[in-house]
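Understanding the architecture of this molecule
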Amino acid sequence: NKNFFMCGILFSISRNIQEKNFKDSLNLLHHRGPDNTGFLKIKFKDYDILFGHKRLSIIDINSESNQPFISNTGRWILLFNGEIYNYKELRLNLLKEGIKFKTNSDTEVLLNCIIKYKHEAINKLRGMWAYVCFDKLLGKVYYSVDNVGQKPLFIKNNSNEIIISSEQKSILALCSRSPDIRSEHILNYINTSFLYSDGNKTIFKDINKVNPSSSNEIRIGDQE
């Protein structure tokens, strides 16, 4: 069922991450997107920034729509899981603004909406999505989940590293040390067959679920 999982996202900012470890963690998401594996590593100041994507092709099967998806200027890089239902309408509006497209994908439409509208982009989208978008010029990370959280994202954000992923297991595989457990959640977690949730908290300290219908921003260095 292509609409169940769609794609897998893995994004990391760190000073000491090993590329092999990142790729191994990305492969834990292979079941989400067997059509293509995308990987990119860049530098921002003294940080390594790694982008990983497992693609399940839905709207546009062209390889030009593979991710990480990079803007025409090279400044913006997008990881996206989901489907934007009104992308054709948004595309027409962006074309009227003089924005040029190289694909017919909703991925490229989403990226240009983020570039143009920043946090207001999610108010224009209809669909289901989880995305991480990086601005190479300003060192900003934008990330969001759709209004009902149909396409989840999990985040670990502390002074040492930022990791964002479609699934917790890829974050756990990248952690420099095993995260502490929120002890108060253990009983509830067990009693509900591992489906327990308390807001945006997970059973692991330092790993949270991104709130639905939110547009979030991190500037590299602000967490230090």
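Residues numbered from 1 in each chain as written. Predicted model: local features only at pLDDT ≥ 70, side-chain atom pairs only at ≥ 80, totals over all residues. Heavy atoms only, no water.

Looking now at the pattern of salt bridges. When the charged atoms of two side chains lie near each other, side chains of opposite charge can form a pair. For the structure on display, the rule yields 11 salt bridges. Between Arg126 and Glu89 there is a salt bridge; the shortest N-O distance is 3.9 Å. With a gap of 37 residues between them, Arg126 in the loop between helix H4 (106-117) and strand E6 (127-135) and Glu89 in helix H3 (residues 87-96) connect regions that are remote in the sequence. Using a relative accessible area of 43% as the deciding quantity, one classes Glu89 as partly exposed. With its nearest N and O atoms 3.1 Å apart, the salt bridge here joins Glu217 to Lys140. Of this pair, Glu217 sits in strand E11 (residues 214-219) while Lys140 is found in strand E7 (residues 140-145), placing the two residues 77 residues apart along the sequence. Since its relative accessible area comes to 35%, Glu217 is described here as partly exposed. For Lys140, a relative accessible area of 13% corresponds to the buried category. (Salt bridge = Lys/Arg side-chain N within 4 Å of Asp/Glu carboxyl O. Helix = DSSP H or I, 4+ residues; strand = E, 2+ residues; numbered from the N terminus. Buried < 20%, exposed > 50% of the residue type's maximum accessible area, 1.4 Å probe, protein only.)

Where H3 contacts H4, the two axes come as close as 10 Å, and the packing angle between them is 50°. When the axes of H3 and H4 are compared, the pair comes out oblique. Handedness of the H3/H4 crossing: left-handed. Along its contact with H3, which presents Tyr87, Leu90, Arg91 and Leu94, the element H4 presents Asp106, Val109, Asn112, Cys113, Lys116 and Tyr117. In terms of residue class, the contact of H3 with H4 is made up of six nonpolar, one polar and three charged. (Axes fitted to C-alpha atoms, helices over the stretch in contact; angles between N-to-C directions. Parallel < 35°, antiparallel > 145°, perpendicular 65-115°, else oblique. Left-handed = near helix turned anticlockwise from the far one by under 90°. Contact = heavy atoms within 4.5 Å. Nonpolar A, V, L, I, M, F, W, Y, C, P; charged D, E, K, R; others polar.)

Helix length check: H4 (12 residues) gives 16 Å between terminal C-alpha atoms against 16 Å at 1.5 Å per residue, within 8%. By the criterion of burial, H4 is predominantly enclosed, with nine of the 12 residues buried. Here H4 has its buried residues at Asp106, Thr107, Glu108, Val109, Leu110, Leu111, Asn112, Cys113 and Ile114. Lining the buried residues of H4 we find strand E4 (69-70), strand E5 (76-84), H3 and E6. (Expected span 1.5 Å × (residues − 1).)

Turning next to the sheet that holds E4. Across the sheet, five strands lie side by side as E4-E5-E6-E7-E11; this open sheet has antiparallel pairing. Of all the strands in the sheet, the pair left with one neighbour each is E4 and E11. In this sheet, E7 lies alongside E6 in antiparallel orientation, the contact comprising six bridges. Its bridge partner being in E7, Cys133 is matched across the sheet by Tyr142. Relative to the sheet, H4 contacts E4, E5 and E6, its axis offset from that of E5 by approximately 120°. (Pairing = 2+ DSSP bridges.)

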